[in-house]
Amino acid sequence: MSPVLGHNSPGRDLKVRYLWLGLAMLAGILALAVQLYRLQVIRHDEYTAKSVSNFVKETRILADRGMIKDAHGQILVQNRPSFDVFVTPAFCERCDTEVLPRVGQLLGWDAATLTKAVDDVKAARRKAPFRPVAVRIDLRRDELDILSAHLRGLSGVDVVAVPHRAYRTSTVLAHVLGYMNEISERELERPPPDGRPYQPADYVGRAGLERSFEATLRGEDGVTRAVVDARGQSIAGLQWLIDEHEVLPKPGNNLVLSIDMRLQEVAEQAFPGTAGAVVAVDVKTGFILAMVSRPGFDPNVLTGRVTAAQMAALAKDPLQPMIFRPTAQHYSPGSTFKVLTSIAAFRSGQFSPQSTATCHGGYRLGRRTWRCHLDRGHGVVDARTALQKSCDVWYYKVGDTLGLDPIAKVGEEFGLGQPTGIGVVGEVPGIMPTEAYHDRVHKRYGGYMKGFALNSSTGQGDVNVTPLQLALMYAAIANGGKVWVPQLVRSIEDAEGKAIRSFEPKLARQVELKPEHRKVLVDALVSVVNEPGGTAYRARLEDVTVAGKTGTAQVARLGAVRLKTHQMDYWLRDHAWFAAFAPAEDPEIAIVVLNEHGGHGGADAAPTAQAVFRKYFDLKREDSARAAGQLPVAAAPTGGVPVGAQSFAPPSHILSGQPAPVRAPRASPQLVTSGMTLPAAVLVPAHGGTTVPASAPVETAARVPVRAPKVAVLPPASAAPTTQDPQPVVPGAGSGEQPEGPTAREATQDSPVRPRDVSAPETPEETEPTLALPEEGQ
Amino acid sequence: MDLMQMRVERRMVPHVPWGVVLTALVLALIGIWNLASAARPPHTPVWKAQLAYLGISVVAMGVVAALKFQFLQRIALPFYVVNLLALVALRFVGHTAKGAESWFNLGPLRIQPAEFMKIGLILMMAKFFHDDFRPSDDRYGFLRLVRPALIAAVPTVLVLAQPDLGTAMMLGLTSLTLLLFARVRWPVAVVLVTGLLTVSVVIWNDYVRKSPPDQPHATLLRHRLKKHQSARISGWLDPESDLRGTNYHSAQSKIAVGSGGLTGKGWQKGTQTGLSFLPEQHTDFIFSVWAEEQGFLACVGLLALYAMLLLYSLGVASQARDRFGAFIAVGVTAMLFWQVFENIGMVIGLLPVTGITLPLLSYGGSSMLSVMMSLGLLVNIAMRRHMF
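These numbers were taken from a predicted model, which means no experiment stands behind them. (Residues numbered from 1 in each chain as written. Chains lettered and ligands numbered in written order. Predicted model: local features only at pLDDT ≥ 70, side-chain atom pairs only at ≥ 80, totals over all residues. Heavy atoms only, no water.)

**Student:** Could you clarify how one ought to interpret the overall build of chain A in this entry?
**Tutor:** The secondary structure content of chain A amounts to 25 helices and 23 strands. Within chain A, the proportion of its 778 residues that are buried is 54%. Accessible area of chain A: about 33,200 Å², with a carbon and sulfur share of 55%. (Helix = DSSP H or I, 4+ residues; strand = E, 2+ residues; numbered from the N terminus. Buried < 20%, exposed > 50% of the residue type's maximum accessible area, 1.4 Å probe, protein only. Areas by Shrake-Rupley, 256 points an atom, 1.4 Å probe, with all protein chains shown as cover.)

Here is the structure:
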């Protein structure tokens, strides 16, 4: 069909349309040009930055975190290589469906772990696809071998050696050293306090020294830069695109503690209790020489990936292992407080060292009688005898005469009722009640009454102190009134070990303490320890004069019958205290031992102090001999260098997910504790499974308390967690098989320190009278 | 039949539209130079192949230019139908690449029928508007538009079903341009405007509107689209949302273009190109290579060359001897324009990523051949403008 003539002229009318069409197309091209201008000229810098970040792969070189050492250079915390599995989402093809399930299969993951890893990688893919995500930290050696063999087939999966924190002393000093874990999203958003930004998956110090000295310990990370293509492969020919290829990391600084690990070790081993604290301070500087908190936890476990359930288990443990007992828990000081009452009495002028009181076994105020711990009475006692025999009546008289406030004032001067300022660990201020305090707290009973002063004068009532406060107080009495700010860190040194800063003793307060008063007190304290029949006769040393005071703080109201310790429920037993310093002539070291629910100060706290004192003076002799060249200078610090398999064996086996122990009802459980300082103890219900019903006869319960076995501070390699064993050994599980009843233990423990004069009856250890509020004042 | 249908006379030679031919050759040579950079090692250096394709295409252009004008008119319908059949046949014997069935595998050759459908459609539409011309009533109302709309819709839908959103959009837009060029009544214009608005509303409802996850609102079209098509539209609307996923192309391409700056990084110095951050860098995203390595000024130069080509083509159209020639020329021009606009628009983030080539610059035989054959049509028309 050929076109019809006349149809074939395009006609003039089309001309206008060509014009419009041409203009429209030019407009379109112009629009493109405008957008090009926006991208290439206006936003050029932004896109240049993006293109650079595209092809420059920055690999962080992690700085070594500083080590923590004891006073003699023994390493307590260091870094060890941990083999972590990383996935880079951008390079991981079919990650969720093939790669991760394969990794999980090789490492024996359960479904939940796999799901979490898949979710983590998915989330990272959305946010920062080129940043590696750790899907597993701390591979075991066998896992590392298996994974390495299959790595070639797993796209985007890398195994990288990452420095990991190794706490070589496991539970020992755990609260002081602290632990670390992964930085949270919220913290990442905040500007870092030291100006060095953190990155996701960084670890930060969470407690103790790791937290307080975070800025000192963490170094400055370095970086390597390489030009990579879209697959992340480095392109050798294009490295000229980058100016600076490597920035070396700066390692963090080391902390040198005032803690002497040799002393600490002895304190750990000598402490017999289930729970409690030992504090040893340098009387002349306030530096802390040893500090035990029992039970502890293993920072190696917490530094890593602890699940919320495991943290909850720790938090629910009735013994509260996360609480640092030397500073973060306060206790009624019991008789150890009486030195302050004496000082208040002397200061008032109404009492002198020669002032006497007559003890008939009680002190009558109004219609009530305050009982002395010795029912038959001490007879006529002066200030010295009162302190030596811990006669309550003399102190009741002081409380009755002075009222509460003069005593409280002395207490406050010695640092009670206020934080010590140690800083590194959490603190409670304790309570030093005043009359105003009672007016406020006991409003509904009519506010302050004289009875409160009587209670407080013997360290009962509302007086509450932390073991550290008590140690500083005794140190202040020992050194003539210097109340120190306690310190743990002696100096900071750089990575090469060159000291860059050392800490000087810090005086909190100089308390007025007349030498003649101090002499009376020290004499009395010396006789407590050194005279047969003194309550702390077990703490004496052959060649050094120890001055100290026992204390037994009641936890529960006294019943009609005085029960023996082992007849009482654990939670109802008294706290045993011992506070001491030595040598009495020129005191150097003050020690406080608190054995929670331990029983009597003399039997259950004093021997620990004795062991620490003995070690301290032995070491002093040894060190001075070495300094004088009589002993060879040890190349490495002596005293059980804590190198063991556990340094490289990751604590993964511990995370076994055991159910949390439920806090036992007060009346029921006997506590089977042992091995609380063994690494595995923390997350294991040490007393689980052996709970005796509340209705169990007392006799049954009485048989149960088993002391913690001697604890090796630095467990031998065999005690270290073995990687093969995924199930932690439940410490103390076989408690029933331990034949050692309390009686047997008493005999064996007591024999070396039992006074020769057997005829002298052992004082039944002052047990303070009732804590009940007086029914009426005066 | 072939030789019989070709005829070149001496008097035609002065009318060869050298502007069109030379601009196209310059663009093609620039393209080859650019390809030598885009597909540098470790990629296969394809610029030699492209040079060969150019040679073949120039010959094809000559052949098309030499064809008798009447032959074009006669062949319009059969060519259109054959291409339609080819598109249908693709459904059964097509080769799937990148999720779309767009190719015939003929031994070493792979042929993309949709590329030739563009020419077929233009010829068919031109033939229709030529045959259908009524001097007394030159404005098209609804009824008279049914047939051209069908002519355009059938191949468009077939291509859309491959699925090849980019080529389908191009066929649709080229047809629309021809329709508008043929003059429509104002109610038709109103409907077209309404149609565009509807599309906008659909996109807003399906891709922009946010509702709580537990009570999702009904989507109008989204659930009917293939996932990758849907994702491309959402990626176009929010390119930064997913760097390594669907919008990876869009984001990386913008980075390439933007980092080029005023004067570019230099030939073979583009990092986005050299380090393979841009997939399809030598085909669909060839413009980003140019933009990254040569910079804004060279981009404007390239756009100016395209503008010249388009204006020369319009010039050919305006001097065509009849409506058939005029509509072919306008169709070819419109097709070139939409292809350039869509491709560059997608590279610089104005339009969704639809996978179409940049005429004369992208690597690929089918693309080069179809563009040069279209230009051959222009030459044909221009040479015969004074003939009868």
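**Student:** Any chance you could explain the overall build of chain B here in plain terms?
**Tutor:** For chain B, the helix and strand inventory stands at 13 helices and 3 strands. Among the 388 residues that make up chain B, the fraction classed as buried is 56%. A separation of at least 24 residues holds for 73% of the contacts in chain B among residues at least 6 apart in sequence. Here chain B has roughly 16,200 Å² of accessible surface; of this, 68% comes from carbon and sulfur atoms. (Contact = heavy atoms within 4.5 Å.)

**Student:** Just checking my understanding: could you explain the sheet that holds strand E22 (residues 575-582) of chain A for this structure?
**Tutor:** Whenever strands of a sheet pair, they do so through backbone hydrogen bonds, lying parallel or antiparallel. All names here are of chain A. Here we have 5 strands laid out as an open sheet, ordered E12-E11-E23-E22-E21, and antiparallel in their pairing. A single partner strand is all that each edge strand has here, and the edge strands are strand E12 (288-294) and strand E21 (547-553). Along the sheet, successive strands turn relative to each other by an average axial angle of 5°, direction set aside. Taken together, the 8 bridges between strand E11 (residues 275-282) and strand E23 (residues 589-596) define a ladder with antiparallel strand orientation. Directly across from Ala-275, in E23, lies its bridge partner Glu-596. Packing of helix H23 (residues 606-627) onto the sheet brings it into contact with E11, E12, E22 and E23, and relative to E23 it is tilted by some 150°. (Pairing = 2+ DSSP bridges. Axes fitted to C-alpha atoms, helices over the stretch in contact; angles between N-to-C directions.)

**Student:** Is there a simple way to think about the interface of chain B and chain A in this case?
**Tutor:** Interface size, as often reported, equals the accessible area lost upon joining of the parts. Of the residues lining the interface, 56 residues belong to chain B; the matching set on chain A comes to 45 residues. Carbon and sulfur atoms make up 72% of the area that chain B and chain A hide from each other, which totals about 4,500 Å². Counting across the chain B and chain A interface gives 0 salt bridges. Listed by contribution, the elements that provide at least two residues to the side of chain B that touches chain A are helix H4 (113-131), helix H6 (165-181), helix H9 (248-260), helix H10 (271-274), helix H11 (286-318) and helix H12 (323-347) of chain B. Looking at the side of chain B that touches chain A, the element that brings in the most residues is H11 of chain B, giving 12 residues. Tallied by class, residues from the side of chain B that touches chain A come to 29 nonpolar, 16 polar and 11 charged. (Buried area = accessible area lost by both parts, 1.4 Å probe. Salt bridge = Lys/Arg side-chain N within 4 Å of Asp/Glu carboxyl O. Nonpolar A, V, L, I, M, F, W, Y, C, P; charged D, E, K, R; others polar.)

**Student:** Would you mind going over the state of the cysteines with me for this structure?
**Tutor:** Each disulfide is one covalent bond, formed between the sulfur atoms of two cysteines. All names here are of chain A. What the rule picks out here adds up to 1 disulfide over all chains. At a sulfur-sulfur separation of 2.2 Å, the disulfide partner of Cys-92 is Cys-95. One disulfide, between Cys-92 and Cys-95, carries an S-S torsion of 90° and so falls in the right-handed class. Accessibility assignment for this pair places Cys-92 and Cys-95 in one class, buried. Just so you know, Cys-372 is unpaired, no disulfide at all, and the nearest cysteine sulfur is the one on Cys-359, 4.0 Å from it. Cys-391 takes part in no disulfide bond, and the closest cysteine sulfur, belonging to Cys-359, lies 3.8 Å away. (Disulfide = S-S within 2.5 Å.)

**Student:** Honestly, the side chain of Thr-174 of chain B in this entry has me stumped. Any pointers?
**Tutor:** Residue and element names in this part refer to chain B. Examined against the element boundaries, Thr-174 turns out to sit in helix H6. A relative accessible area of 5% means that Thr-174 is categorised as buried. Discounting chain neighbours no more than four positions away, the residues touching Thr-174 are Ile-122, Gly-331, Ala-334, Met-335 and Trp-338.

**Student:** Before we go on, may I ask you to explain the packing of aromatic side chains in this structure?
**Tutor:** Taken as a whole and judged by the stated rule, the model has 19 aromatic pairs over all chains. Both rings, one in Tyr-37 of chain A and one in Phe-296 of chain B, keep their centres 5.5 Å apart while their planes meet at 65°; by these two values the pair is edge-to-face. Of this pair, Tyr-37 of chain A sits in helix H1 (residues 13-42) while Phe-296 of chain B sits in helix H11, placing the two residues on different chains. A ring pair is formed by Trp-394 of chain A and Tyr-395 of chain A, whose centres lie 5.1 Å apart and whose planes are at 75°; its orientation type is edge-to-face. (Phe/Tyr/Trp six-rings, centres within 6.5 Å; stacked < 30°, edge-to-face > 60°.)

**Student:** Sorry, what's going on with the pattern of salt bridges here?
**Tutor:** When the charged atoms of two side chains with opposite charge come close together, those side chains can pair. Residues and elements named next belong to chain A. Applying the stated criterion across every chain, the model contains 35 salt bridges over all chains. The partner of Glu-46 in a salt bridge is Arg-43, and the shortest N-O contact between them spans 3.0 Å. According to the relative accessible area criterion, Glu-46 is partly exposed, its value standing at 34%. Assessed through its relative accessible area of 26%, Arg-43 is described here as partly exposed. One salt bridge connects Arg-294 with Glu-268, and the closest N-O pair in it is separated by 3.5 Å. Residue Arg-294 is found in strand E12, and its partner Glu-268 is found in helix H10 (residues 261-270); the two are separated by 26 residues along the sequence. Accessibility expressed as a relative area gives 1% for Arg-294, which makes it buried. With a relative accessible area of 3%, Glu-268 lands in the buried category. Several salt bridges converge on common partners, so that one network encompasses Asp-260, Arg-262, Glu-622, Asp-623 and Arg-626.

**Student:** Would you mind going over the confidence of the model for chain B with me for this structure?
**Tutor:** Close reading of the predicted structure is inappropriate where its pLDDT is low. Residues and elements named next belong to chain B. Here chain B shows a mean pLDDT of 82. Residues at 70 or above account for 85%. Between the elements of chain B, mean pLDDT differs from a low of 59, seen in strand E1 (residues 95-97), to a high of 93, seen in H11. Contacts of residues 239-244 to residues separated by more than four positions or lying in other chains number 15 contacts, the stretch itself having pLDDT below 50. (pLDDT = per-residue confidence, 0-100.)

**Student:** Teacher, can you tell me more about the sheet that holds strand E1 (residues 56-61) of chain A here?
**Tutor:** All names here are of chain A. Judged by pairing direction, the sheet is antiparallel, and its 3 strands sit side by side in the order E1-E8-E9 without closing on themselves. Bordering the open sheet on either side are E1 and strand E9 (246-247), each of which pairs with just one other strand. Bridge count between E1 and strand E8 (residues 222-227): 6 bridges; the pairing is antiparallel. Pairing of Val-56 across the sheet is with Val-227, part of E8. Each of E1 and E8 touches helix H2 (residues 44-55); the most contacted strand, E1, lies at about 60° to it.

**Student:** Could you clarify how one ought to interpret helix H4 (residues 111-127) of chain A in this entry?
**Tutor:** Because the α-helix completes a turn every 3.6 residues, residues three or four places apart line up on one side. All names here are of chain A. Helix length check: H4, at 17 residues, gives a terminal C-alpha distance of 24 Å against a target of 24 Å (1.5 Å per residue), a fit within 8%. For H4, the full list of buried residues reads Ala-117, Val-118, Val-121 and Ala-124. Projected onto a plane normal to the axis of H4, the buried residues spread over an arc of 130° and lie on a single side. Opposite the packed face of H4, turned more than 90 degrees from it, sit the exposed residues Ala-111, Ala-112, Arg-126 and Lys-127. (Expected span 1.5 Å × (residues − 1). Arc of directions from axis to C-beta.)

**Student:** Looking at this structure, I do not really get the confidence of the model for chain A. What am I missing?
**Tutor:** Residues and elements named next belong to chain A. Averaged over all residues, the pLDDT of chain A is 76; the fraction at 70 or higher stands at 75%. Every residue in residues 1-8 scores below 50 in pLDDT, and together they form 13 contacts with partners more than four places removed in sequence or on other chains. This stretch, residues 635-778, has a pLDDT under 50; its non-local contacts, to residues over four places away or in other chains, come to 258 contacts.

**Student:** Would you mind going over the pairing of E21 of chain A with me for this structure?
**Tutor:** Residues and elements named next belong to chain A. Counting buried positions along E21 gives 7 out of 7 residues, so the element sits mostly inside the fold. In E21, alternate side chains face the same way, and those of Ala-547, Lys-549, Gly-551 and Ala-553 on one face and Gly-548, Thr-550 and Thr-552 on the other are all buried. In this sheet, E22 lies alongside E21 in antiparallel orientation, the contact comprising 7 bridges. Paired with Thr-552 across the two strands is Ala-576, which belongs to E22.

**Student:** When you look at the packing of H4 of chain B against H6 of chain B in this model, what are you seeing that I'm missing?
**Tutor:** Relative placement of two packed helices is described by the angle separating their axes and the distance separating the axes. All names here are of chain B. Contact geometry for H4 and H6: axes closest at 11 Å, N-to-C directions at 15°. Judged by the angle between their axes, H4 and H6 are roughly parallel. Handedness of the crossing formed by H4 with H6: right-handed. Taking contact as the criterion, the partners of Ala-114, Met-117, Lys-118, Leu-121, Ile-122, Met-125 and Phe-129 in H4 are, on H6, Thr-167, Met-170, Leu-171, Thr-174, Ser-175, Leu-178 and Leu-179. Counted by class, the contact of H4 with H6 contains 10 nonpolar, 3 polar and 1 charged residues. (Parallel < 35°, antiparallel > 145°, perpendicular 65-115°, else oblique. Left-handed = near helix turned anticlockwise from the far one by under 90°.)

**Student:** How do you make sense of the packing of helix H2 (residues 47-66) of chain B against helix H13 (residues 365-383) of chain B when you look at a structure like this?
**Tutor:** All names here are of chain B. Packing of H2 against H13 brings their axes to within 7 Å, and their N-to-C directions diverge by 30°. With respect to H13, the element H2 is oriented roughly parallel. Of the two possible hands of crossing, H2 and H13 adopt the one that is right-handed. Judged by residue contacts, Gln-50, Tyr-53, Leu-54, Ile-56, Ser-57, Val-58, Ala-60, Met-61, Val-64, Ala-65 and Ala-66 of H2 engage Gly-365, Met-368, Leu-369, Met-372, Met-373, Leu-375, Gly-376, Leu-377, Val-379, Asn-380 and Met-383 from H13. Tallied by class, the residues present in the contact of H2 with H13 amount to 17 nonpolar, 5 polar and no charged.

**Student:** What am I meant to see in the nonpolar core here?
**Tutor:** What tends to happen in soluble globular proteins is that the nonpolar side chains get buried as a cluster. Grouped together as the largest cluster of nonpolar side chains are 117 residues, with contacts concentrated most on Phe-129, Phe-287, Ile-328, Ile-348, Leu-360 and Leu-375 of chain B. Considering every element that reaches this core, the biggest residue donor is H11 of chain B, with 16 residues. Those residues in contact with Leu-375 of chain B that sit more than four places away from it in its chain are Val-20, Ala-24, Met-61, Leu-309 and Leu-336 of chain B. Membership of the second largest hydrophobic core comes to 100 residues, among which are Ile-68, Ala-408, Met-473 and Ala-547 of chain A. (Core = buried A, V, L, I, M, F, W, Y, C linked by side-chain atoms within 4.5 Å.)

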